[in-house]
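# A structural walkthrough
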Amino acid sequence: FNLGLLLQQAGGTESAEKAFRAALRIDSALTDASVALAHLLDGSGRPAEATAELERAMEANPARAAPAYNLALVCIERHNLDAAESLLTRAMQAEPGFAQTYGALAGVCFRSGRAREADAWYRKALSLGAERAHYRAIERELVRVDHLKGSEGSLPHRNKTSAELDLPASRMSDHGESS
């Protein structure tokens, strides 16, 4: 697995892919290798293979948050918020301490016009040590909405882009965990 990371950093995409696949042949439940392989495949213009790898990793690692979390980020990018929320709930159940899950849930809820839920998930993410900088746009919007003193129904129902919500720019996050 570590060889794959080094090869990927050096620009050896094909060699890195082989190294990640070799690591997964040794231990098919190696979460970091699955997430890294999915990143590599996605970055190589092979999103369907990346998605399939994350789905395989979710089956092999039902107690790990990273595969479901990363697949949820793909769904967010594709504006499939219902699927993203379902995957994030699965990630949260698998690893309740995985802070990024709560931050992503805050973004999904906010984009769905559910500011109160977004605020609760945002606060939970921060309480678990998520970096506040990742969620500045959500924080600004929640403060603005709070000042409006309106109901959740009065929020704009427009889907914001990942960039507008300071969500990860790529489809997937490199927030894998060590196995």
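It should be noted that the structure appears before, not after, this text.
Presented here is an overview of the structure given in this document. (Residues numbered from 1 in each chain as written. Predicted model: local features only at pLDDT ≥ 70, side-chain atom pairs only at ≥ 80, totals over all residues. Heavy atoms only, no water.)

Because each turn of an α-helix spans 3.6 residues, side chains separated by three or four positions end up pointing in the same direction. With twelve residues, helix H5 (residues 66-77) extends 17 Å between its outermost C-alpha atoms, agreeing within 8% with the 16 Å of an ideal straight helix rising 1.5 Å per residue. The element H5 is largely enclosed, with a buried count of eleven among its twelve residues. Turning to H5, its buried residues number three or more, namely Ala66, Pro67, Ala68, Tyr69, Asn70, Leu71, Ala72, Leu73, Val74, Cys75 and Ile76. At the exit of H5 stands histidine 79, carrying a positive phi of roughly 65°. (Helix = DSSP H or I, 4+ residues; strand = E, 2+ residues; numbered from the N terminus. Expected span 1.5 Å × (residues − 1). Buried < 20%, exposed > 50% of the residue type's maximum accessible area, 1.4 Å probe, protein only.)

A few words on helix H7 (residues 99-111). Taking 1.5 Å as the rise per residue, H7 with 13 residues should run 18 Å; its terminal C-alpha atoms sit 19 Å apart, in good agreement. Just past H7, the residue glycine 113 takes up positive phi, approximately 80°.

Right, let's talk about the packing of helix H3 (residues 31-43) against H5 for a bit. Their axes nearest at 10 Å, the elements H3 and H5 cross at an angle of 20°. Between H3 and H5, the angle falls in the class roughly parallel. Between H3 and H5 the crossing geometry is right-handed. Where H3 approaches H5, its residues Thr31, Val35 and His39 are matched on the opposing element by Ala66, Pro67 and Asn70. Its residues placed into classes, the contact of H3 with H5 shows three nonpolar, three polar and no charged. (Axes fitted to C-alpha atoms, helices over the stretch in contact; angles between N-to-C directions. Parallel < 35°, antiparallel > 145°, perpendicular 65-115°, else oblique. Left-handed = near helix turned anticlockwise from the far one by under 90°. Contact = heavy atoms within 4.5 Å. Nonpolar A, V, L, I, M, F, W, Y, C, P; charged D, E, K, R; others polar.)

This next bit is on the side chain of glutamate 17. Tracing the chain through its elements places glutamate 17 in helix H2 (residues 13-26). On the basis of relative accessibility, which here comes to 13%, the residue glutamate 17 falls in the buried class. Ignoring anything within four residues of it in the chain, the contact list for glutamate 17 reads Leu37, Leu40, Leu41 and Arg46.

Next up on the list: unusual backbone geometry. The backbone phi angle of histidine 79 is positive, close to 65°, even though this residue is not glycine. If you trace the backbone, histidine 79 turns up in the loop between H5 and helix H6 (81-94). Overall, histidine 79 belongs to the partly exposed group, its relative accessible area being 44%.

Mapped onto the elements, alanine 48 comes out in helix H4 (residues 47-60). Judged by its relative accessible area of 59%, alanine 48 falls in the exposed class. For the pair formed by alanine 48 and alanine 38, sequence separation is ten residues and the distance between their alpha carbons is 9.6 Å.

This paragraph deals with the packing of aromatic side chains. Scanning the entire structure with this criterion turns up three aromatic pairs. Between phenylalanine 1 and phenylalanine 20, the aromatic rings sit 6.0 Å apart at their centres with planes inclined by 40°, giving tilted as the arrangement. Of the two residues, phenylalanine 1 is situated in the segment before helix H1 (2-9) and phenylalanine 20 in helix H2; the sequence distance between them amounts to 19 residues. Aromatic pair tyrosine 69 and phenylalanine 98: ring centres 5.4 Å apart, planes at 85°, arrangement edge-to-face. On the criterion of sequence distance, the pair formed by tyrosine 69 in helix H5 and phenylalanine 98 in the loop between H6 and H7 is long-range, its members being 29 residues apart. This pair shows no difference in class: tyrosine 69 is buried, exactly as phenylalanine 98 is. Seen from the ring of tyrosine 102, lysine 124 lies directly overhead, with NZ or CZ sitting 5.7 Å from the centre. (Phe/Tyr/Trp six-rings, centres within 6.5 Å; stacked < 30°, edge-to-face > 60°. Lys NZ or Arg CZ within 6 Å of the ring centre and 35° of its normal.)

Another point: the nonpolar core. Phe20, Tyr69, Leu71, Ala84, Leu87, Leu88 and Val108 are the most contacted members of the largest nonpolar core, which has 39 residues in total. Elements with a contribution of two residues or more to this core: H2, H3, H4, H5, H6 and H7. The element that contributes the greatest number of residues to this core is H5, accounting for nine residues. Excluding anything up to four places from it in sequence, phenylalanine 20 contacts Phe1, Gly4, Leu5, Gln8, Ala33, Ala36, Leu37 and Leu40. Within the second largest apolar cluster, seven residues are counted, among which are Ala106, Cys109, Ala118 and Tyr122. (Core = buried A, V, L, I, M, F, W, Y, C linked by side-chain atoms within 4.5 Å.)

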